[in-house]
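# Inside the fold
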Amino acid sequence: MVPYIVLFVCLLFGGFFEVCRPTNMNDLEETKEKYKNFYAIIPGLIIFFLGVFRETSVGADAQSYYIYYWNRLEGFTWNELFTNFSIDNGFFIILKVIALFTGDWWLARATLFVLTFSLYYVIIIKESDYPCVSLLIFVGLANICFMLGILRQSLAIGICFFAYKYLKKNEWLKFIIFVLIAATIHKTALISLYAFIVSFFKLKKISHYKFILLSSIAAVVFYVAIPMITASYNTQIYENVATSDGGYGMLLFMMIVFAILGYLMNHIKRNEESTELNTELVDKDEAVSLFNISCGAFFVQIGALQWSLLNRATACFSIYWCLLFPKLLNKLSQKNRLQVYLLLVVLFGFMFFYQIDEVEFFVMHSF
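Residues numbered from 1 in each chain as written. Predicted model: local features only at pLDDT ≥ 70, side-chain atom pairs only at ≥ 80, totals over all residues. Heavy atoms only, no water.

Moving on: helix α10 (residues 151-162). Because an α-helix packs 3.6 residues into every turn, residues spaced three or four apart end up facing the same way. Compared with the 16 Å implied by 1.5 Å per residue over 12 residues, the 16 Å span of α10 between its first and last C-alpha is a close match. Of all 12 residues in α10, 12 are buried, a share of seventy percent or more. Of the positions making up α10, those classed as buried are Leu151, Arg152, Gln153, Ser154, Leu155, Ala156, Ile157, Gly158, Ile159, Cys160, Phe161 and Phe162. (Helix = DSSP H or I, 4+ residues; strand = E, 2+ residues; numbered from the N terminus. Expected span 1.5 Å × (residues − 1). Buried < 20%, exposed > 50% of the residue type's maximum accessible area, 1.4 Å probe, protein only.)

All chains considered together, the criterion is met by 7 salt bridges. With a shortest N-O distance of 3.8 Å, Glu286 and Lys168 are connected by a salt bridge. Here Glu286 is found in helix α18 (residues 286-304), whereas its partner Lys168 is found in helix α11 (residues 164-168), with 118 residues between them in sequence. Shared partners join several salt bridges into a network, and the residues in it are Glu127, Asp129, Lys168, Glu286 and Lys327. (Salt bridge = Lys/Arg side-chain N within 4 Å of Asp/Glu carboxyl O.)

Residues shown with low pLDDT carry predicted positions that ought not to be read at fine detail. Here the protein chain shows a mean pLDDT of 83. Residues at 70 or above account for 84%. Of all the helices and strands in the protein chain, helix α17 (residues 279-282) carries the lowest mean pLDDT, 42, while helix α8 (residues 131-140) carries the highest, 95. Taken as a whole, residues 278-284 scores under 50 in pLDDT and shows 8 contacts with residues more than four places along the chain or in a different chain. (pLDDT = per-residue confidence, 0-100. Contact = heavy atoms within 4.5 Å.)

This paragraph deals with the state of the cysteines. For the structure on display, the rule yields 0 disulfides. A disulfide-free cysteine, Cys160 has its sulfur positioned 6.1 Å from the sulfur of Cys316, the nearest such atom. A relative accessible area of 2% means that Cys160 is categorised as buried. (Disulfide = S-S within 2.5 Å.)

One way to put it is that α8 packs onto helix α22 (residues 334-356) with a least axis distance of 8 Å and a crossing angle of 35 degrees. Every pair of crossing elements has a handedness; the one defined by α8 and α22 is left-handed. Along its contact with α8, which presents Val133, Leu136, Ile137, Val139 and Gly140, the element α22 presents Tyr341, Leu344, Val345, Phe348, Met351, Phe352 and Gln355. Residue composition of the contact of α8 with α22, grouped by class: 10 nonpolar, 2 polar and no charged. (Axes fitted to C-alpha atoms, helices over the stretch in contact; angles between N-to-C directions. Left-handed = near helix turned anticlockwise from the far one by under 90°. Nonpolar A, V, L, I, M, F, W, Y, C, P; charged D, E, K, R; others polar.)

Summarising the element assignment, Thr314 is placed in the loop between α19 (310-313) and α20 (315-318). Classification of Thr314 as buried rests on a relative accessible area of 5%. At a separation of 2.6 Å, a polar atom in the side chain of Thr314 contacts the main-chain carbonyl oxygen of Asn311. If near-sequence neighbours (up to four positions away) are discounted, Thr314 is found in contact with Met254, Ala297, Val300 and Gln301. (Polar contact = N/O pair within 3.5 Å; in protein donor to acceptor, adjacent residues only side chain to side chain.)

Another point: the packing of aromatic side chains. Pairs of aromatic rings are described using the distance from one ring centre to the other and the angle between the two planes. Using the criterion set out here, one finds 41 aromatic pairs in the structure. Seen from their ring centres, Phe16 and Phe17 are 5.8 Å apart, and the 65 degrees between their planes marks the pair as edge-to-face. Here Phe16 falls in the partly exposed class, since its relative accessible area comes to 33%. An aromatic cluster is defined as three or more aromatic residues linked by ring pairs; in this entry it consists of Phe48, Phe113, Phe117, Tyr120, Tyr121, Phe138, Phe161, Tyr164 and Tyr320. The aromatic ring of Trp78 is capped on one face by Lys96, whose charged end is 5.9 Å from the ring centroid. (Phe/Tyr/Trp six-rings, centres within 6.5 Å; stacked < 30°, edge-to-face > 60°. Lys NZ or Arg CZ within 6 Å of the ring centre and 35° of its normal.)

Looking now at empty space enclosed by the protein. Space left empty within the atom packing is revealed by a probe, the size of a water molecule, rolled over the atoms. Under the defined criterion, the tally for this structure stands at 2 cavities of 30 Å³ or more. The calculated volume of the second largest cavity comes to roughly 40 Å³. The wall of the second largest cavity is formed by Arg54, Arg109, Leu112, Phe113, Thr116, Met147, Leu151 and Ser154. Within the residue set of the lining of the second largest cavity, elements represented by two or more residues are α7 (105-127) and α10. Broken down by element, the residue count for the lining of the second largest cavity peaks at 4 residues, all from α7. Taken together, the residues that form the lining of the second largest cavity break down as 4 nonpolar, 2 polar and 2 charged. (1 Å grid on protein atoms, 1.4 Å probe; cavity = no way out; pocket = protein on both sides within 12 Å on 5 of 7 lines; lining within 4 Å. Points joined across faces, edges and corners; volume = space filled by probe spheres on them.)

Helix packing for two helices is described by the angle between their axes and how far apart those axes are. One way to put it is that helix α1 (residues 2-19) packs onto α8 with a least axis distance of 7 Å and a crossing angle of 145 degrees. Crossing hand, α1 versus α8: left-handed. Here Leu7, Phe8, Leu11, Gly14, Gly15, Glu18 and Val19 of α1 lie close against α8, whose contacting residues are Pro131, Cys132, Val133, Leu135, Leu136 and Val139. When grouped by side-chain class, the residues that make up the contact of α1 with α8 number 10 nonpolar, 2 polar and 1 charged.

Turning to the side chain of Arg152, a few remarks are in order. Its place among the elements puts Arg152 in helix α10. According to the relative accessible area criterion, Arg152 is buried, its value standing at 14%. Within polar-contact distance, the side chain of Arg152 engages the side chain of Tyr69 at 3.0 Å. Excluding residues that lie within four positions of it along the chain, Arg152 makes contacts with Tyr65, Tyr69, Asp88, Phe91, Ile185 and His186.

Of note, the phi angle at Ala142 is positive, near 65 degrees, even though the residue is not glycine. Position of Ala142 relative to the elements: it lies in the loop between α8 and α9 (143-149). Judged by its relative accessible area of 17%, Ala142 falls in the buried class. Even without a glycine there, the phi angle at Asn170 is positive, about 65 degrees. Relative to the assigned elements, Asn170 resides in the loop between α11 and α12 (172-183). Given a relative accessible area of 35%, Asn170 falls into the partly exposed group.

Now the structure itself:
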């Protein structure tokens, strides 16, 4: 428990120092950019430590990856891995490459963790206005537990998130290629193409009326589709596990998050209109795109009410909160920015400790 408390305290103070920096003084811009990532170094190192040096038994599906993936590597040839897309070949290829250098499963898992977290960390460092705030949201969304136990899906989503830099530059083909590569690791990565659709058509901010309409459509679609999906599984045991645990708590949490986001975006827009900024351009800025993409998390979570495995898939879109909230904070006055930050600390801090309380605490690997 101690490492998690240390991590949270580092994020708490790091985020506090970030949001307290002046943002409206031109002579501080160069210094601000130079030290923007300074506070995120120690929390980043702690997360790397937690992931690299934990015991291989820690994590929801820890033993499953050892039994069904690592132990099966010798049964696949390189030719089969590069041509058979029905066996999660992308993940097997990565393991096969790692196995060229080590046969130790602990070292292989540590390498996977470093690769996975690096994908998230690099984009947060490069794209976030407040990296520590982003990491606070990141851990509040249970991504540490996600990377410790759900190896394939966390890596696939990390690849899609890393590709955001191409989405931001309107380099559509590169983004789609990264999503397709991620889909060879875990097929749920394909739903990240929703982000491409939102960005490609330059949609205006999803209003609360459209949000309700799209949520209703999602409920109908999942109501029809999920029974067909679960029926395709060969084992009744897996089907029963997959369809238990409704996920209402997470849906409520998301409703609170989107209420805060909606208020912040409307508040910022009113302020921009009062200063006679071009509101048409404001509607098409990056924050609007990030908001629209993150709405996908709520739509997918509706499906999780019937099929709990979709709880994991929401991470394809909720991860964009790590970029959206800092971007909105940066548009607020320093007083309002600090108030919203403290609200985020309470909200995501609660989720962080609530979720790690339900899993194994850090267990150091026995060398």
